[in-house]
Amino acid sequence: MKTSAFIIILILFIMAPRARAEFMLDVAGSYISENTSSTDVKDDATKYYYNITGYLHLSKKWWAGWSYLGISMSGNSNATGTTVPTSFQTSDTGPAVKYNFGKNESFSLTANYNVLAKGTYKNVVSNSNESWQGTSYMVGFNVMPEIKSGFRMGVGLNYYHAAYSKKTVDGTETSESNTKTWLFPTLTLSKQW
């Protein structure tokens, strides 16, 4: 993982001299609260997401930069036969790209590959807190009209997938595969300088 992170950073560094002196900052967020009134593990779930990404302008429509995102999910689980609280949180970081298109570049596609994804999970079956580590990626489609010069606001639809390869419980690290996926909407603010 360290090797791939170094290679990605090196590629961005090599591309940077070609980049124009333009910078873009995107801030995105989402909050969802649901009560399914059922006995599944998603009952009474609260989910939120935030993402901060800084981009450098590479060409007419392409931007590249670095992203930091966080996801938190909490709720009640009935997996053990009784209702108990459960939670999942992750903090991910890695390189990101953005492609603007359409009239006045009001549409964009974004993608980021997070070379480091660190999650925590409350396992209600074993009654333990687990720390997960791996990688993740996220892709999104956004509609962001320009509100005023250099400032955009809009909505997006995103797909997130994390693949964890290490699990730590009470200081003991093991190799175990766990995944997390989520399809969700966002509200995004963007400022270009």
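Residues numbered from 1 in each chain as written. Predicted model: local features only at pLDDT ≥ 70, side-chain atom pairs only at ≥ 80, totals over all residues. Heavy atoms only, no water.

(A) View of the pairing of strand β8 (residues 151-169). Note: strand β6 (residues 128-143) against β8, 13 bridges, orientation antiparallel. Paired with Ser131 across the strands is Thr168, a residue of β8. Counting the residues between successive antiparallel strands, the hairpin from β8 to strand β9 (residues 172-192) contains two residues, one of them, Asp170, with a positive phi of roughly 50°. (Pairing = 2+ DSSP bridges. Helix = DSSP H or I, 4+ residues; strand = E, 2+ residues; numbered from the N terminus.)

(B) Quick peek at the side chain of Asn114. Relative to the helices and strands, Asn114 is located in strand β5 (residues 107-123). Within polar-contact distance, the side chain of Asn114 engages the backbone nitrogen of Gly94 at 3.4 Å. Side chain to side chain, Asn114 and Asn112 meet in a polar contact 3.2 Å long. (Polar contact = N/O pair within 3.5 Å; in protein donor to acceptor, adjacent residues only side chain to side chain.)

(C) Representation of the nonpolar core. If you look at the biggest cluster of nonpolar residues, it comprises 14 residues, and the most contacted ones within it are Tyr49, Ile71, Tyr160 and Tyr164. Taken together, the elements giving at least two residues each to this core come down to β3 (62-77), β6, β8 and β9. What Tyr164 contacts, discounting residues up to four positions off in sequence, is Phe88, Thr90, Ala117, Gly119, Trp132, Gln133, Gly134, Glu176, Ser177, Asn178 and Lys180. (Core = buried A, V, L, I, M, F, W, Y, C linked by side-chain atoms within 4.5 Å. Buried < 20%, exposed > 50% of the residue type's maximum accessible area, 1.4 Å probe, protein only. Contact = heavy atoms within 4.5 Å.)

(D) Here's a closer look at a nonpolar patch on the surface. Taken together, the side chains of Val27, Ile52, Phe107, Leu109, Phe141, Val143, Ile147, Met153, Val155, Leu187 and Leu189 make up a nonpolar region of the molecular surface, amounting to roughly 890 Å² of accessible area. Broken down by secondary-structure element, the contributors of at least two residues to the nonpolar patch are β5, β6, β8 and β9. Note on placement: Met153 falls in strand β8. Of the residues examined, Met153 reaches a relative accessible area of 38% and is grouped as partly exposed. (Patch = residues over 30% accessible without salt bridge, like charges linked within 9 Å, V, L, I, M, F, W, Y side chains within 5 Å. Areas by Shrake-Rupley, 256 points an atom, 1.4 Å probe, with all protein chains shown as cover. Salt bridge = Lys/Arg side-chain N within 4 Å of Asp/Glu carboxyl O.)

(E) Spotlight on the packing of aromatic side chains. Tallied over the entire structure, the rule returns 13 aromatic pairs. Geometrically, the ring pair formed by Tyr137 and Tyr159 is tilted, given 6.3 Å between the ring centres and 50° between the ring planes. Linking Tyr137 in strand β6 with Tyr159 in strand β8, this pair joins segments that are 22 residues apart in sequence. A connected cluster of aromatic rings, assembled from ring pairs, spans Trp62, Tyr99, Phe101, Phe107 and Phe141. Here the guanidinium or amino end of Lys180 rests over the ring plane of Phe88, the centre of that ring lying 5.1 Å away. (Phe/Tyr/Trp six-rings, centres within 6.5 Å; stacked < 30°, edge-to-face > 60°. Lys NZ or Arg CZ within 6 Å of the ring centre and 35° of its normal.)

(F) Representation of the side chain of His57 within the structure. The topology assignment puts His57 in strand β2 (residues 45-57). The exposure class of His57 is buried, given its relative accessible area of 4%. Among the polar contacts made by the side chain of His57, one reaches the main-chain carbonyl oxygen of Ser59 at a distance of 2.2 Å. Polar contacts involving the side chain of His57 include one to the main-chain carbonyl oxygen of Lys60, which spans 3.4 Å.

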